[in-house]
Amino acid sequence: MRIHLSILLVIAFGTAFAQSARPEQAAGSRIASIDRIVAVVNKEVITQYELTERMNRVLRDLERRGTSLPDRGEIQRQVLDRLVIEKVQLQYARETGLRVDDLELDRTLNRVAEGNKLSLTDFRRTLERDAIHFDVFREELRDEILMNRLRDREVTSKLTVGEGEIENFLSEQRERKDTATEYNLAHILVRVPEQATPEQLGTRRTRAEEAIKRLKDGGDFAQLAATYSDAPDALQGGIMGWRSQERLPELFVEALAKLKPGEVSDVLRSPAGFHVLKLVDIRGAGAPLLVEQAHVRHILVRTNELVSEEDAKRKLVNLRERIVNGVSFTELARLNSDDSSASRGGDLGWVYPGDTVPEFERVFVELKPMEVSQPVKTPFGWHLIQVIERRTTDMSSERRRIEARKALLERKGDEAYQEWLRQLRDRAYVELRLDER
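A brief structural summary.

So, how was this worked out
- Residues numbered from 1 in each chain as written.
- Predicted model: local features only at pLDDT ≥ 70, side-chain atom pairs only at ≥ 80, totals over all residues.
- Heavy atoms only, no water.
- Helix = DSSP H or I, 4+ residues; strand = E, 2+ residues; numbered from the N terminus.
- Buried < 20%, exposed > 50% of the residue type's maximum accessible area, 1.4 Å probe, protein only.
- Contact = heavy atoms within 4.5 Å.
- Areas by Shrake-Rupley, 256 points an atom, 1.4 Å probe, with all protein chains shown as cover.
- Pairing = 2+ DSSP bridges.
- Axes fitted to C-alpha atoms, helices over the stretch in contact; angles between N-to-C directions.
- 1 Å grid on protein atoms, 1.4 Å probe; cavity = no way out; pocket = protein on both sides within 12 Å on 5 of 7 lines; lining within 4 Å.
- Points joined across faces, edges and corners; volume = space filled by probe spheres on them.
- Nonpolar A, V, L, I, M, F, W, Y, C, P; charged D, E, K, R; others polar.
- Polar contact = N/O pair within 3.5 Å; in protein donor to acceptor, adjacent residues only side chain to side chain.
- Phe/Tyr/Trp six-rings, centres within 6.5 Å; stacked < 30°, edge-to-face > 60°.

The helix and strand tally for the protein stands at 15 helices and 11 strands. Buried positions account for 48% of the 437 residues belonging to the protein. Look at the contacts in the protein between residues 6 or more apart in sequence, and 73% of them connect residues 24 or more apart. Total accessible area on the protein stands at roughly 22300 Å², and carbon and sulfur atoms take up 50% of it.

As structure tokens, then:
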């Protein structure tokens, strides 16, 4: 979860600075095309204005990266498809009760600003100087958090890893010892609809083969990813970054083993569609297996027929204020926590990544030593969390199994997410009107 959140914050800030038309330009676009509908997604619409705004952002981002610009029509198709996928996810999130409240969003905004070494006030001024409306940025960040949380709930939480898979994984690690390999790679995914006809399969395979041909003719991978790929990272050049073998599907590992840096794979077929991989670089991965632990304590207030959500949250707000003003966290935990750790002053001991539920971990990985969180909701109730200290430690045998399980889950996760997105998109009513005049 820590990795996901870090990526989320960087992308949100970086993307914002890559946007958008100046106010006077945007105003002209709004007057000309605000009423034109370019897509219907279930009961909502996407307007030409939304599409143009996102197009401007993407084009500026590509220019900033130094990427050769693909055909404008291809970028428009990619951007519209991305908007459709986002809208489908956000609709589903709302329908199933997912929310990101203002307090949580404000905390995330503060972390974005701190990550860029700015106060929130200076961060806002910087956005406005670049013609980016702060309120628009704020709501887009809310959507990013919501989609990330939806993926956790609908995909990541449902993946399973058997004990046999873990044993095989650890056996492979022992055989490789210090010769484990990491790949820096980029990819193109040509997505295939669920229950695709033979004609559709042929058309999609041809599209992937066309991308390979253009790559072998000297085409720029980032430009062709933006043109051909249906993956979420298409408009970032298809870059996946450094991945160890353990974090990649076997299909990818087998293909990459045959490549030299700079080379491109043949077309690969998976349930998600057709893939084209480029091996950017390769390196050994023999570093010691170290992990960061946090010494954590908490106060838990459970909700029930007598204690409402608001009551629990209000109680923790009051307790937090007392702790900040100098009252002992340990004493208040002993007196108020509904957890079995209350007798130890709420002390959970040294916690490894993955030991706690995502909602809990998502907060404590961002806390500074001795900082007290705002009230945090998990399936167990409402918490105040404090990290006493952090340390880096070598992994025990048991922890190696935990890391193996996480690596296997991540290996399965990307492909499962693509398949879930495809199914969600296929279930939605989508009517594209881009070519209508």
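Reading across from one edge, 2-1-11 is the order of the three strands in this open sheet, with antiparallel pairing throughout. Edge positions in the open sheet fall to strand 2 (44–47) and strand 11 (430–432), since each of these has one partner strand only. Adjacent strand axes in the sheet meet at a mean angle of 20° when their direction is disregarded. Here four bridges tie strand 1 (residues 37–41) to strand 2, and the two strands are oriented antiparallel to one another. Paired with valine 40 across the two strands is valine 45, which belongs to strand 2.

The next thing to look at is the pairing of strand 1. Walk down a regular strand and you will see the side chains alternate between the two sheet faces. Within strand 1, four of the five residues are buried, leaving the element largely enclosed by the surrounding structure. Counting the residues between successive antiparallel strands, the hairpin from strand 1 to strand 2 contains two residues, one of them, asparagine 42, with a positive phi of roughly 55°. Across three bridges, the pairing between strand 1 and strand 11 is antiparallel. Bridge pairing in strand 11 places alanine 39 opposite leucine 432.

Bringing the layout of surface pockets into the picture now. It is a probe the size of a water molecule, rolled over the atoms, that shows where empty space is left. Taken as a whole, the second largest pocket spans an internal volume of roughly 460 Å³. Looking at the second largest pocket, it is lined by 17 residues, and the ones nearest its centre are Arg77, Asp81, Asp230, Arg425 and Leu432. Where the lining of the second largest pocket is concerned, the elements lending two or more residues are helix 4 (72–95) and helix 15 (397–427). Examining the composition of the lining of the second largest pocket, we find that four residues originate from one element, helix 4, more than from any other. Its residues assigned to classes, the lining of the second largest pocket shows six nonpolar, no polar and 11 charged.

A few words now on the environment of arginine 433. When you line up the elements, arginine 433 lands in the segment after strand 11. Through-space distance from the C-alpha of arginine 433 to that of isoleucine 46 is 9.7 Å; in sequence the pair is 387 residues apart. Leaving out residues up to four positions away in the same chain, arginine 433 has contacts with Arg36, Ile37, Val38, Ala39 and Val40. Separated by 2.9 Å, the side chains of arginine 433 and glutamate 431 make a polar contact.

To continue, consider the packing of aromatic side chains. According to the stated counting rule, one finds four aromatic pairs in the structure shown. With a centroid separation of 5.5 Å and 65° between ring planes, the pair formed by phenylalanine 123 and phenylalanine 137 is classed as edge-to-face. Of the two residues, phenylalanine 123 sits in helix 6 (residues 120–129) while phenylalanine 137 sits in helix 7 (residues 134–154), which places them 14 residues apart along the sequence. Of the two residues examined, phenylalanine 123 and phenylalanine 137, each falls in the buried class.

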